[in-house]
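# Analysis of the macromolecular model
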Amino acid sequence: MPDFQYTAHEISGQQITGVLTAASKQEALSSLSTRNLFPVRVELTEEAGVNRARLGRKVGARHLAVFYTQLADLLRSGVPMLRSLELLEKQSSNLTLKLVVQEVRGEVANGTRLAEAMRRHPRVFGELAVSMVRAGEEGSFLEDVLKRIVAFTEHQQELKSRVVGAMIYPVFLLVVMTAVVAAMLIFFVPKFEPIFEEMSEQGALPWATTALMSLSDFAQNYGLVGLLLGAGGMFALVGWLKTEAGREKLDLFRLRAFGMGPIVRSLAIARFCRILGTLLRNGVPILQSLRIAMDATGNVVLSRAIGEAAENISEGKALAQPLSASGQFPEEVVEMIAVGEEANNLEQVLIDISENLERRTNRLLDMFVRMLEPVMLTVLAGVVLFVVIALLLPILQSSSIM
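Residue positions within a chain follow its written sequence, with the count starting from 1. Only residues with pLDDT of at least 70 are given local features in this predicted model, and only at 80 or more are side-chain atom pairs given and counted; all residues enter the totals for whole chains, interfaces and linings. As a convention, hydrogens and water are excluded, and side-chain values are obtained from all of the structure's heavy atoms.

Numbering of helices and strands runs from the N terminus, with a helix taken as a DSSP run of H or I at least four residues long and a strand as a DSSP run of E at least two residues long. Counting secondary structure elements, the protein contains 17 helices and 3 strands. Exposure is judged per residue with a 1.4 Å probe applied to protein chains only, and the accessible area is read against the type maximum: over 50% gives exposed, under 20% gives buried, and values in between give partly exposed. Taking all 402 residues of the protein together, the buried fraction comes to 38%. A sequence separation of at least 24 residues applies to 61% of the contacts in the protein between residues at least 6 apart. Residue contacts follow a heavy-atom distance rule, with two residues in contact if any of their heavy atoms lie within 4.5 Å.

Residues three or four positions apart in an α-helix share a direction because the helix packs 3.6 residues into each turn. Given the number of residues in a helix, its expected span is that number minus one, multiplied by 1.5 Å. Here helix α16 (residues 331-343) is 13 residues long and its end C-alpha atoms lie 18 Å apart, about the 18 Å a rise of 1.5 Å per residue gives. For α16, the complete set of buried residues consists of Val333, Val334, Ile337 and Gly340. Around the axis of α16, the buried residues are gathered within 120° of arc, so they sit on the same side. Exposed residues lying more than 90 degrees from the buried face of α16 are Val339 and Glu342. The arc in question is traced by the directions running from the helix axis to the C-beta atoms.

Let's shift gears to the pattern of salt bridges. Any carboxyl oxygen of Asp or Glu within 4 Å of a side-chain nitrogen of Lys or Arg constitutes a salt bridge here. A complete count under the given rule lists 13 salt bridges for this structure. Residues aspartate 73 and lysine 147 are paired through a salt bridge, measuring 3.1 Å at the closest nitrogen-oxygen approach. Here the residue aspartate 73 occupies a position in helix α3 (residues 61-76), and lysine 147 occupies one in helix α8 (residues 142-188), the gap between them amounting to 74 residues. With relative accessibility at 35%, the residue aspartate 73 sits in the partly exposed group. The exposure class assigned to lysine 147 is partly exposed, which follows from its relative accessible area of 32%. Three or more residues joined by partner-sharing salt bridges are found here, namely Arg83, Glu86 and Lys90.

What follows is about α8. Along its 47 residues, α8 runs 65 Å from first to last C-alpha, staying within 8% of the 69 Å computed at 1.5 Å per residue. Fitting axes to the seven residues that end at a residue and to the seven that start at it, the angle between those axes gives the bend at that residue. Along α8, the largest kink reaches about 35° and is centred on isoleucine 168; proline proline 170 follows within four residues of it.

Take glutamate 89: it is sitting in helix α4 (residues 81-91). With near-sequence residues (within four places) excluded, glutamate 89 lies in contact with Lys98, Val101, Gln102 and Arg105.

Residue placement: methionine 118 occurs in helix α6 (residues 114-119). Classification of methionine 118 as buried rests on a relative accessible area of 2%. A C-alpha to C-alpha distance of 8.7 Å links methionine 118 and valine 100, two positions 18 residues apart in sequence. Look past the residues within four positions of methionine 118 in its chain and what remains in contact with it is Tyr68, Phe125, Val130 and Val133.

To continue, consider a positive patch on the surface. Here the term patch refers to residues with relative accessible area over 30% and no salt bridge, with like charges joined within 9 Å and nonpolar side chains (Val, Leu, Ile, Met, Phe, Trp, Tyr) within 5 Å. Here the open area of atoms and residues is found with the Shrake-Rupley method and a 1.4 Å probe, where only the protein chains shown may cover a residue. In this tally, Lys and Arg are treated as positive and Asp and Glu as negative; His is ignored, and so are the chain termini. Where a charge lies is defined by one atom per residue type: Lys uses NZ, Arg uses CZ, Asp uses CG and Glu uses CD. The grouping of Lys58, Arg123, Lys160 and Lys242 at the surface amounts to a positive patch. Assignment of secondary structure puts arginine 123 in the loop between α6 and α7 (127-139).

So, on to the packing of helix α12 (residues 261-281) against helix α13 (residues 286-293). Lines fitted to C-alpha atoms define the axes, with helix axes restricted to the stretch in contact, and inter-axis angles between N-to-C directions lie between 0 and 180 degrees. Contact geometry for α12 and α13: axes closest at 9 Å, N-to-C directions at 145°. In this structure, α12 meets α13 at a crossing whose hand is right-handed. Along its contact with α12, which presents Phe272, Ile275, Leu276, Leu279 and Leu280, the element α13 presents Ile286, Ser289, Leu290, Ile292 and Ala293. Lys, Arg, Asp and Glu make up the charged group, whereas Ala, Val, Leu, Ile, Met, Phe, Trp, Tyr, Cys and Pro make up the nonpolar group; the residues left over, Gly among them, are polar. When the residues that make up the contact of α12 with α13 are grouped by side-chain class, the tally is 9 nonpolar, 1 polar and no charged. Handedness of each helix crossing follows the sense of rotation of the near helix against the far helix: counterclockwise by less than a right angle gives left-handed, clockwise gives right-handed.

With that settled, the discussion passes to the nonpolar core. Take the buried Ala, Val, Leu, Ile, Met, Phe, Trp, Tyr and Cys residues and link them wherever side-chain atoms come within 4.5 Å; each set so joined is a nonpolar core. Judged by nonpolar contacts, the single largest core of 68 residues is most densely connected at Phe67, Tyr68, Phe125, Leu146, Leu319 and Ile337. Considering every element that reaches this core, the biggest residue donor is α12, with 9 residues. Leave out the neighbours within four places in its chain, and tyrosine 68 touches Met118, Phe125, Ala129, Leu146, Ile149, Val150 and Thr153. Counting 13 residues, the second-largest nonpolar core is a separate cluster that includes Leu185, Met213, Val387 and Ala390.

With that settled, consider the confidence of the model for the protein. pLDDT measures the predictor's confidence residue by residue and takes values from 0 up to 100. For the protein, per-residue confidence averages 80 on the pLDDT scale, and 89% of positions sit at 70 or higher. A low-confidence stretch, residues 47-54 stays under pLDDT 50, and its non-local contacts, those more than four residues away or across chains, total 11 contacts.

What follows covers the packing of aromatic side chains. We call Phe, Tyr and Trp rings a pair once their centres come within 6.5 Å, taking the six-membered ring for Trp, and we label the pair stacked below 30 degrees between planes, edge-to-face above 60, and tilted otherwise. Throughout the structure, instances matching the rule amount to 5 aromatic pairs. Ring plane angle 55° and centroid distance 5.5 Å describe the contact between phenylalanine 67 and tyrosine 68, whose orientation is recorded as tilted. The burial state of phenylalanine 67 is the same as that of tyrosine 68; both residues are buried. Consider the rings of phenylalanine 67 and phenylalanine 125, whose centres lie 6.0 Å apart with planes at 45°: the pair is tilted. Taken together, the positions of phenylalanine 67 in helix α3 and phenylalanine 125 in the loop between α6 and α7 put the pair 58 residues apart, joining distant regions of the chain. Grouping residues by exposure puts phenylalanine 67 and phenylalanine 125 together as buried. Members of the aromatic cluster, each reached through a chain of ring pairs, are Phe67, Tyr68 and Phe125.

A separate point is the packing of α8 against α12. Describing two packed helices takes the angle between their axes plus the distance from one axis to the other. Axis separation between α8 and α12 bottoms out at 12 Å; the angle between their running directions is 170°. Considering the angle they form, α8 stands roughly antiparallel to α12. The two elements α8 and α12 cross, and the hand of that crossing is right-handed. Contacts between α8 and α12 pair Arg148, Phe152, Gln156 and Leu159 from the former with Leu267, Arg271, Arg274, Ile275, Thr278 and Arg281 from the latter. Partitioned by chemical class, the residues of the contact of α8 with α12 number 4 nonpolar, 2 polar and 4 charged. Roughly parallel refers to an angle under 35 degrees, roughly antiparallel to one over 145, roughly perpendicular to one between 65 and 115, and oblique to any angle outside these ranges.

Turning to the environment of cysteine 273, a few remarks are in order. Mapping cysteine 273 onto the fold places it in helix α12. Taking the C-alpha atoms as reference points, cysteine 273 and threonine 297, separated by 24 residues in sequence, lie 9.2 Å from one another. For cysteine 273, the contacting residues outside a window of four places in its chain are Leu350, Ile351, Ile353 and Ser354.

See below:
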């Protein structure tokens, strides 16, 4: 917990200063009141202020995986929760994680459950991890859940690294293409303007050359303004996408986007099936498992469909039927879930579905990246070809007239 530096008056009127430890400023004020002190100024110490700023940072997946693994090992060895958190706080090499664990330990010591204490640090502990820890606490298999979280964290980090690695070259091509086009419009094309001036006055310029010269003039005169407007629009768009309506529209676009839509859908459903199967295998009731697993999709549209399915299950229906009615799950996935329900081995079927979808996603991702590279090269070549043709057409036209 952070330290607060205070200045207060005693009942006698004497002013005193000091430092006390409290979870919040309100708690510090309450602590001073119980000591019959009248606070004048209460604020975080300089070191506590720096630490508080660090609490807003994210923690890498590698550090979190180590934290979950060590906590699971300590709890399985019989070490009490508070002692385990104290040891992990001392051993952590990541300062942000050390401070977060310190706060979590303080909240657990005050009677807060581990999942609830983790929920108060959303930039470090994701909703999925918090939900699974809550299920583990309620089902008395917290150690197993922590190991599962490690596996999920490492798997997601591996997939993320794979996607980022695959997109490096296409992004590089996009940057190069943008730079080449901008340089041609600003520096290269204007050199031809005096040559085409007479033809332009006569209205004899080809439409391609006219369009190219107009783009060049715009880039020279309003390029900076356009860049600023584009940056402002992007900033506003990012802000809107953080709202509930914006997030829903973005997730819907991801599911329907050409090329990337099937990849996003398969990956989200694979995460959902794996986590739901794991929770069911560990004895978590299906309704609670669904509420936890729906957060794993990372997609508002799919989460809503799963939430509606959970409501239908509470009315006595099977899982496959409402998932099929949502229209968001492939028919083959729904059929396999229906077979698993009939055969009473739904948890194993769900895990098999996730493995199949992950393999399919990897193939789709490889195919998409392989197609993206030649498409971007073709677009770059097409843009350059358009510029060359637009510049050569008037020259060829004038030479043919002569």
